[in-house]
Amino acid sequence: MLLFLTLSVLTLLSVFLYIRIQVKMSFGKTLPTVKPYYPVIGNGTLFVLKNNEQRFENLVGALSNSARLFKLWLGMIPVLCSCHPDVVNKILTNPNCHERTFQYSFFKLYHGVFASRYDIWKTQRKSLNITFNQRILQGFLPIMNECAVRLVGRLGSVGECEEFNITEYIMRCTLEMVCATTIGADINNHSGAEKLSQYMVKFCELITRRIMSPHLYWEVLYNLTPTSKQEESLRREAYKVGQRILDDAIALKVENSSESREEDYYRKPKIFMDQLLESIDGRTFERDEILHNIYTMIAAGTDTSGTELIYICQMLAMHPDMQERVYQEMVRVFPEDDAPPTAETLKQLEYMEMFIKESLRLFPIAPHIMREAYADFELDGMTIPKGTAFIISIYNLHRRKDIWGPDADSFNPENFSKEQCAHRSPFAFIPFSAGSRNCIGHRYAMNSMKIVVAHILRSFRITTRMSMDDIKFKMDILLKSTNELLISLARR
Ligand code: HEM
């Protein structure tokens, strides 16, 4: 009897929700829907009982629709999708579309700039933007250089021409860089800090699993699962390290401000951490905001550039002629071995920049991003109601044949020559997203990747036995390969 009652209530609830959502979505009834679609489970058959590689393939297949705007259903939750540069421009640059969808709350970094809701984000982003300005970025170059020198030193222990996975080495380097520059902490002094990037990788896997399971959107149900327990224990470990880093940074700030004259202190450029510890317009960041922003920076800055660098190394290895061209340009710009990079010299690495951009095109680290309408707005002749969710498929946008030509899936840095860029929409290439809620670290990332590539190539020639067909992606927050990417290094 109880079972019958429960089932009846659930069925009624589902029918009620289904009708309510259909009415709410009536504004977009002419938009195409991803197939196969079934009431209640939506496009679920694309993902249920599939492995992570099939899920990624199915999602990419579903989102490669040529329509400007179309619908995907995560169970009963509708999401508007696009990989059209014009529509992507209208969504990402619309101030009414800077809200995060509720799925970002799964990161539980509610008080940090990446995952916070619009109102918190707006004030935080305004005060944090200046911590990535040109002057501050310029000041980071010597630190990035030191980290890259240490990376090359560690790579020296890898056997000559031995096949290996460079992930661990690269992640250590990007973690050192992000902590030293944005947080002002030397992770080599923090036991357990080296595990932070591994925690982040695991987090992303668990959160992806939750995003793909709409029944686990319900917190009460999710908290009963082993995934939730695993996530909690990872979070506890990561927070322990974060607390120690924060305590050290606070102690260092107190020491510095008592040592330096007050006016010197205020004249010095403020890094991300300084700004978090400052009082801005009479308002101070709460301890939770500071902590969540430390984790945000580590998560958003480490695994992203790290994973991209792994793809870049793989592309250099697979394309020896292009590798030689990048190397020759680097030697021309930095004739002396230990010449520290400057903003000016990095700008002269034009071919390297084309190479990195082509890697970002084919391997955009954030393949799919989500947004939510903060208020009603007009799009393609429709009034999109507040609360509507969007998926922007950067992966599909970067591989559109009508933009990148019939060889869109092949690696060709010439796609970023001045002539090619001149007649292409700026919204055809958005690895760092676009608009005001874009990647705060995009210039930082470009500088750091150039410095790391320059140091690796100065010391080593990279080779591989793998080909493009060996790179298969899996469903994750970041674009991750299912199989290990292996390279070999030979000393120059
Ligand atoms: C290759 C390297 C990188 C790529 C491709 C990349 C890409 C992106 C993308 C696409 C977003 C938007 C995500 C979304 O809307 O869901 C984003 C946001 C963000 N990124 Fe990056 N990123 C990179 C490196 C970095 C670095 C090095 C940092 C910091 C040092 C950083 C900090 C952030 C932050 C804080 C946000 C959130 C911004 C906001 O919501 O206002 N990223 N990144």
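Below you will find a few notes about this structure. None of these values were measured; they are calculated from a predicted model.

**Quick look at the overall build of the protein**
- In terms of helices and strands, the protein carries 19 helices and twelve strands.
- For the protein, the C-alpha radius of gyration of 24 Å lies close to 23 Å, the compact-globule estimate for 492 residues.
- Counting the 492 residues in the protein, one finds 54% classified as buried.
- Partitioning the intrachain contacts of the protein with sequence separation of at least 6 by distance along the chain shows that 74% fall at a separation of at least 24.
- Of the roughly 22,700 Å² of accessible surface on the protein, 57% is carried by carbon and sulfur atoms.

**Section: the pattern of salt bridges**
- Inspection of every chain in the model, using the stated rule, returns 28 salt bridges.
- Residue Glu176 is joined to Arg150 by a salt bridge in which the shortest nitrogen-to-oxygen separation is 2.9 Å. One end of the pair, Glu176, is in helix H6 (residues 167-183); the other, Arg150, is in helix H5 (residues 134-155), with 26 residues separating them in the sequence.
- Here Glu232 makes a salt bridge to Arg235, at a shortest N to O gap of 3.6 Å. Here the residue Glu232 and the residue Arg235 both occupy positions in helix H9 (residues 226-259), the gap between them amounting to three residues, near one helical turn.

**Observations concerning empty space enclosed by the protein**
- Inspection of the entire model under this criterion finds two cavities of 30 Å³ or more.
- Approximately 110 Å³ is the volume found for the second largest cavity.
- Considering the residues around the second largest cavity, the lining is formed by 14 residues, among which Asn145, Phe334, Ala339, Ala454 and His455 are closest to the centre.
- With five residues, the top contributor of residues to the lining of the second largest cavity is helix H19 (residues 442-459).
- Partitioning the lining of the second largest cavity into residue classes produces eight nonpolar, two polar and four charged.

**Observations regarding the site of the ligand**
- Near the ligand lie 27 residues; those nearest to it are Arg100, Tyr104, Trp121, Arg125 and Cys439.
- For the ligand, an oxygen atom lies 2.8 Å from a polar atom in the side chain of Arg100.
- Here Trp121 contributes a side-chain N or O atom positioned 2.7 Å from an oxygen atom of the ligand.
- Put simply, the parts of the chain that give the shell around the ligand at least two residues each are helix H4 (118-128), helix H12 (287-318) and H19.

**Quick word on the sheet that holds strand E8 (residues 389-393)**
- Spatially, four strands are ordered E1-E2-E8-E5 in an open sheet, and the strand pairing comes out mixed. Edge positions in the open sheet fall to strand E1 (70-74) and strand E5 (368-372), since each of these has one partner strand only. The average angle at which neighbouring strand axes cross in this sheet is 35 degrees, direction not considered.
- Here strand E2 (residues 77-82) pairs with E8 via four bridges, running parallel. Bridge pairing links Ser82 to Ile392 in E8.

**Thoughts on a nonpolar patch on the surface**
- Among the surface-exposed residues, Trp218, Val220, Leu221 and Leu224 lie close enough to one another that they form a single nonpolar patch of about 450 Å² accessible area.
- With respect to the helices and strands, the residue Val220 is situated in helix H8 (residues 219-222).
- Classification of Val220 as exposed rests on a relative accessible area of 53%.

**Focus: the coordination of the iron atom of the ligand**
- Inspection of the coordination sphere of the iron atom of the ligand shows a single protein donor, Cys439 (SG), at 2.3 Å.
- Following the sequence through the fold, Cys439 ends up in the loop between helix H18 (418-422) and H19.

**Some words on the packing of helix H13 (residues 320-333) against H19**
- Where H13 contacts H19, the two axes come as close as 10 Å, and the packing angle between them is 100 degrees. Considering their axes alone, H13 and H19 lie roughly perpendicular with respect to each other. Residues Gln323, Val326, Tyr327 and Met330 of H13 form the contact with H19, whose participating residues are Val453, Ala454, Leu457 and Arg458.
- Partitioning the contact of H13 with H19 into residue classes produces six nonpolar, one polar and one charged.

**What to know about the layout of surface pockets**
- In this structure, the second largest pocket occupies an estimated 710 Å³ of space.
- Thr167, Glu168, Met171, Val201 and Ile310 are the residues nearest the centre of the second largest pocket, which is lined by 25 residues in total.
- At the level of elements, H6, helix H7 (196-211), H12 and strand E11 (480-481) are the ones that each hand at least two residues to the lining of the second largest pocket.
- Ranked by residue count, the leading element in the lining of the second largest pocket is H6, at six residues.
- Classifying every residue of the lining of the second largest pocket gives seven nonpolar, eight polar and ten charged.

**Observations concerning helix H15 (residues 350-362)**
- Taking 1.5 Å of rise per residue, 13 residues should cover 18 Å, and H15 covers 19 Å from first to last C-alpha, within 8% of that figure.
- In terms of burial, H15 is a largely internal element, ten of the 13 residues being buried.
- Regarding H15, the residues found buried are Tyr351, Met352, Met354, Phe355, Ile356, Glu358, Ser359, Leu360, Arg361 and Leu362.
- Taken together, the buried residues of H15 touch H12, H13, helix H16 (394-397), helix H17 (401-404) and H19.

**Notes on the environment of Glu378**
- Following the sequence through the fold, Glu378 ends up in strand E6 (residues 377-379).
- A C-alpha to C-alpha distance of 22 Å links Glu378 and Ala428, two positions 50 residues apart in sequence.
- In terms of polar contacts, Glu378 uses its side chain to reach the side chain of Thr383, at 2.7 Å.

**Some details on the packing of aromatic side chains**
- In total, this model carries 24 aromatic pairs according to the counting rule given.
- Ring geometry for Phe102 and Phe106: centres 6.1 Å apart, planes at 75 degrees, overall edge-to-face.
- Seen in terms of ring centroids, Phe106 and Tyr217 are 5.4 Å apart; in terms of plane orientation they differ by 50 degrees. Their pairing is tilted. Here Phe106 is found in the loop between helix H3 (85-92) and H4, whereas its partner Tyr217 is found in the loop between H7 and H8, with 111 residues between them in sequence.
- The exposure class assigned to Tyr217 is buried, which follows from its relative accessible area of 12%.

About the cut-offs
- Residues numbered from 1 in each chain as written.
- Predicted model: local features only at pLDDT ≥ 70, side-chain atom pairs only at ≥ 80, totals over all residues.
- Heavy atoms only, no water.
- Helix = DSSP H or I, 4+ residues; strand = E, 2+ residues; numbered from the N terminus.
- Rg over C-alpha atoms; globule rule 2.2 N^0.38 Å.
- Buried < 20%, exposed > 50% of the residue type's maximum accessible area, 1.4 Å probe, protein only.
- Contact = heavy atoms within 4.5 Å.
- Areas by Shrake-Rupley, 256 points an atom, 1.4 Å probe, with all protein chains shown as cover.
- Salt bridge = Lys/Arg side-chain N within 4 Å of Asp/Glu carboxyl O.
- 1 Å grid on protein atoms, 1.4 Å probe; cavity = no way out; pocket = protein on both sides within 12 Å on 5 of 7 lines; lining within 4 Å.
- Points joined across faces, edges and corners; volume = space filled by probe spheres on them.
- Nonpolar A, V, L, I, M, F, W, Y, C, P; charged D, E, K, R; others polar.
- Near = heavy atom within 4 Å.
- Polar contact = N/O pair within 3.5 Å; in protein donor to acceptor, adjacent residues only side chain to side chain.
- Pairing = 2+ DSSP bridges.
- Axes fitted to C-alpha atoms, helices over the stretch in contact; angles between N-to-C directions.
- Patch = residues over 30% accessible without salt bridge, like charges linked within 9 Å, V, L, I, M, F, W, Y side chains within 5 Å.
- Donors = N, O, S within 2.8 Å, 3.2 Å for Na, K, Ca; no water.
- Parallel < 35°, antiparallel > 145°, perpendicular 65-115°, else oblique.
- Expected span 1.5 Å × (residues − 1).
- Phe/Tyr/Trp six-rings, centres within 6.5 Å; stacked < 30°, edge-to-face > 60°.

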